[in-house]
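In case you want the letters, here they are:
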Amino acid sequence: VLLAAPPWIHRSTDGGLTFSPVHRLRTDRGILRHWAHRGDVVWFGEYGVGGGDHEVWRSDDAGATWDRLWTLPPSGEPGGGRHVHGVQVDPLGQPWVMVGDSDEDARFGPLVEGALVAVAAGGQASKATSLLFEPDGGVLWGADAPRGPWGLHRVRPGADLGPTLVQELDGPVLWATHTLDGAAVSTEVEGEDVDGASLWWAPSGDPWRRVLRAPAWR
């Protein structure tokens, strides 16, 4: 079991009864949303708001030791960004990295031979914090765009058409997950004119629909 409690990542080998610190995060660095694992291989990306570069780290021994895998330059530099929103692993075991925040920074894609290969980039629609990998190779995500536009998008790597809008939403998205027979995304209260949080759900092959709405701050 691994848990992030900045400034440390802690590790348990007895099912969570006891934990020991194994990796010290850099100053003003944490893990925002997703970190990923496949067997004993674990990845995470640094999330910070104080500027500078941000690292993606990898462990090959179930979190006992860590090595830098990839560096995100500061925002404004070539290939840069403000921070890493998360790392997820696709069905083939490839780690994917999500970068934010500005229109120029926003992008995500797999790490291939030490480089981020963006499959969606540019604009708030490409600002993701949670990815859903589909059986046909497509990727589904909700835009983490407090100022809008709010929506659920899909891209198929290798396609020339770019991302397509699947469903308009009523707020920015932080979380998405597969369910037993479909998928779900939740919106958050952040940004102008966002008056509540919602849960959207779609059974496999059916349209998306809002199934829960919670007014903001009540």
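Predicted model only: the values in this text are computed from it and were never measured.

Each value, and the rule that gives it
Residues numbered from 1 in each chain as written. Predicted model: local features only at pLDDT ≥ 70, side-chain atom pairs only at ≥ 80, totals over all residues. Heavy atoms only, no water. Helix = DSSP H or I, 4+ residues; strand = E, 2+ residues; numbered from the N terminus. Rg over C-alpha atoms; globule rule 2.2 N^0.38 Å. Buried < 20%, exposed > 50% of the residue type's maximum accessible area, 1.4 Å probe, protein only. Areas by Shrake-Rupley, 256 points an atom, 1.4 Å probe, with all protein chains shown as cover. Contact = heavy atoms within 4.5 Å. Polar contact = N/O pair within 3.5 Å; in protein donor to acceptor, adjacent residues only side chain to side chain. Pairing = 2+ DSSP bridges. Phe/Tyr/Trp six-rings, centres within 6.5 Å; stacked < 30°, edge-to-face > 60°.

Peer 1: Which parts of the structure should I look at to understand the overall build of the protein chain?
Peer 2: Across its full length, the protein chain carries zero helices and 20 strands. The C-alpha radius of gyration computed for the protein chain amounts to 17 Å, which stays within 12% of the reference 17 Å derived for 218 residues, consistent with globular compactness. Projecting the C-alpha coordinates of the protein chain onto the three principal axes gives extents of approximately 45 × 45 × 35 Å. Considering the protein chain as a whole, with its 218 residues, one finds that 44% of them fall into the buried category. Split by element, the accessible area of the protein chain, about 10900 Å² in all, is 53% carbon and sulfur.

Peer 1: I tried to follow unusual backbone geometry on my own but got confused; where do I start?
Peer 2: Peptide bonds are mostly trans, and most non-glycine residues show a negative phi. A cis geometry characterises the amide bond from Gly100 onward to Asp101, with omega recorded as 20 degrees. By the element assignment, Asp101 lies in the loop between strand S9 (95-100) and strand S10 (107-112). Looking along the chain, the bond that leaves Gly148 and enters Pro149 is cis, with omega of 0 degrees. Counting through the fold element by element, Pro149 comes out in the loop between strand S14 (139-142) and strand S15 (151-155). With a phi angle near 60 degrees, Ala62 is a residue other than glycine that sits in the positive phi range. By secondary structure assignment, the location of Ala62 is in the loop between strand S6 (54-59) and strand S7 (67-72). Here the phi dihedral of Glu113 falls at roughly 50 degrees; this positive angle occurs in a residue that is not glycine.

Peer 1: What is the right way to read the environment of Arg29 from this model?
Peer 2: Looking at the secondary structure, you find Arg29 in the loop between strand S3 (20-24) and strand S4 (36-38). Judged by relative accessible area, Arg29 falls into the buried class, the value being 9%. Setting aside anything within four residues of it in sequence, one finds Arg29 in contact with Pro6, Glu46, Tyr47, Gly48, Gly51, Gly52, Asp53 and His54. Among the polar contacts listed, one links the side chain of Arg29 to the backbone oxygen of Asp53, at a separation of 2.9 Å.

Peer 1: Would you take a moment to explain the pairing of strand S2 (residues 8-11) for this structure?
Peer 2: Consecutive residues of a regular strand have side chains that alternate between opposite faces of the sheet. Sheet topology places strand S1 (residues 2-5) next to S2; four bridges connect them, and they run antiparallel. Each bridged residue has a counterpart across the sheet, and for Ala5 the counterpart in S2 is Trp8. Between S1 and the antiparallel strand that follows it, S2, lie two residues. With four bridges joining them, S2 and S3 adopt antiparallel strand pairing. In the strand pairing of S3, His10 is matched with Pro21.

Peer 1: Would you take a moment to explain the packing of aromatic side chains for this structure?
Peer 2: Two measures describe an aromatic ring pair: the distance that separates the ring centres and the angle between the ring planes. According to the stated counting rule, one finds six aromatic pairs in the structure shown. Taking the centre distance of 6.3 Å and the plane angle of 85 degrees together, the rings of Trp35 and Phe44 count as edge-to-face. The interplanar angle of 35 degrees and the centroid separation of 6.4 Å between the aromatic rings of Trp96 and Phe108 together place this pair among those described as tilted. On the criterion of sequence distance, the pair formed by Trp96 in strand S9 and Phe108 in strand S10 is long-range, its members being 12 residues apart. Comparing Trp96 with Phe108, the two get one shared label, buried. The rings of Trp35, Phe44, Trp57 and Trp66 are connected pair by pair, giving a single aromatic cluster.

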